[in-house]
Amino acid sequence: MKLLIDHANLTDIKGLIELFPIDGVTTNPTILAKEGENPKERLISIRKLIGPDMDLHCQVVATKKEEMMAQARKLVDMLGKNTYIKIPSSGEGFKAMEELAKEGIKITATGIYSPLQGFLAAKAGAKYLAPYVNRIDNLGYDGLAVTKKIQNIIEANDFGTEILAASFKNSNQVLDLVERGVGALTLGPDVFSGLVNDRNVDFAIGNFEDDFRSLLEEGQTFLDIL
Ligand code: G3P
């Protein structure tokens, strides 16, 4: 399972990569707008920061197939091999996915709110399907159930595609899909910090340090005596 950061702030991305086992970054137009910088420059900076081997998912901003395809080709040229192009899972989007997949461009079908949208995107050749877990919950449906149904559809039809679950608001949603085992999750920095935000953990680590200090001289660390 891959773990990605759903964010475009360079300082935050760098900090999260230093702390967590991260496989890449996902962005969308709203996430880029929050940064206020020219989006082309910001995407290039993110690619430079994470290097050529990590996955970078960036979204086209168009409603018509031809424009989606033109943007997708330019984004891949600009951002390199491990770039996934997020295409909205709409009618025009499915057609664009099909043609771009034939050109060898890696597609992440985004804006998925229902299992049948997932089915159509998988059939159109998307490499990843991105259900919006929390946004589905906010509509009064069950985001985790929709995501699991899509996983069942992938397995039953033997599609060469994986889930990239997005839009999380809490650790429980993450745990549920980690247990189920989906292809990838993308989390915002707030959700990342919640994964290990436990005072009992800090307390236990602090106790180990305090106890061990009695074996060392003033100012010494374990490394000093190894
Ligand atoms: O990239 C799409 C998805 O991650 C949106 O998340 O938090 O805006 O619901 P959110």
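Okay, so let's go over this structure. Model, not experiment: these values are computed from the prediction.

**Observations regarding the overall build of the protein chain**
Of regular secondary structure, the protein chain possesses twelve helices and eight strands. The principal-axis extent of the C-alpha atoms belonging to the protein chain is close to 70 × 35 × 30 Å. Out of the 226 residues in the protein chain, the part that is buried amounts to 44%. Within the protein chain, counting contacts between residues at least 6 apart in sequence, those at least 24 apart form 57% of the total. Total accessible area on the protein chain stands at roughly 12200 Å², and carbon and sulfur atoms take up 53% of it.

**Section: the sheet that holds strand β7 (residues 162-165)**
Spatially, the eight strands close up into a barrel ordered β1-β2-β3-β4-β5-β6-β7-β8, and their pairing is parallel. Ignoring strand direction, the axes of neighbouring strands in this sheet form an average angle of 25°. Contacts from helix α4 (residues 65-79) reach β3 (55-59) and β4 (83-88) within the one sheet, and its direction differs from that of β4 by about 160°. The strands that helix α6 (residues 115-123) touches are β5 (107-112) and β6 (128-131); relative to β5, the one it contacts most, it runs at about 165°.

**Digging into the environment of M1**
With respect to the helices and strands, the residue M1 is situated in the segment before β1 (2-6). Sequence-wise, M1 and A184 are 183 residues apart; in three dimensions their C-alpha atoms are separated by 5.1 Å.

**Things to note about a nonpolar patch on the surface**
Together, F212, L215, F222, L223, I225 and L226 give the surface a local cluster of nonpolar side chains, amounting to about 670 Å² of exposed area. Here L215 lies in the loop between α11 (199-213) and α12 (222-225). Given a relative accessible area of 64%, L215 falls into the exposed group.

**Here we look at the pairing of β6**
Of the two faces of β6, the one lined by Y128 and A130 and the one lined by L129 and P131 are each fully buried. As paired elements, β6 and β7 share two bridges and run parallel to each other. From the neighbouring strand, Y128 faces β7, where its bridge partner is E162.

**A look at the nonpolar core**
If you look at soluble globular proteins, the nonpolar side chains tend to sit buried side by side. Residues I87, M97, L129, F168 and L185 are the most contacted members of the largest nonpolar core, which totals 56 residues. Core analysis: the next-biggest nonpolar cluster, separate from the first, contains five residues, L4, Y128, L164 and A184 among them.

**Section: the pairing of β4**
The element β4 is largely enclosed, with a buried count of five among its six residues. The pairing of β3 with β4 spans four bridges and is classified as parallel. Bridged to H57 within β4 is Y84. Note on the crossover from β3 through α4 to β4: the handedness is right-handed. Both β4 and β5 contribute to a ladder of four bridges, which runs parallel. Across the sheet, residue P88 finds its bridge partner in β5, namely T110.

The rules we used
- Residues numbered from 1 in each chain as written.
- Predicted model: local features only at pLDDT ≥ 70, side-chain atom pairs only at ≥ 80, totals over all residues.
- Heavy atoms only, no water.
- Helix = DSSP H or I, 4+ residues; strand = E, 2+ residues; numbered from the N terminus.
- Buried < 20%, exposed > 50% of the residue type's maximum accessible area, 1.4 Å probe, protein only.
- Contact = heavy atoms within 4.5 Å.
- Areas by Shrake-Rupley, 256 points an atom, 1.4 Å probe, with all protein chains shown as cover.
- Pairing = 2+ DSSP bridges.
- Axes fitted to C-alpha atoms, helices over the stretch in contact; angles between N-to-C directions.
- Patch = residues over 30% accessible without salt bridge, like charges linked within 9 Å, V, L, I, M, F, W, Y side chains within 5 Å.
- Salt bridge = Lys/Arg side-chain N within 4 Å of Asp/Glu carboxyl O.
- Core = buried A, V, L, I, M, F, W, Y, C linked by side-chain atoms within 4.5 Å.
- Right-handed = clockwise from strand over helix to strand, strands pointing away.

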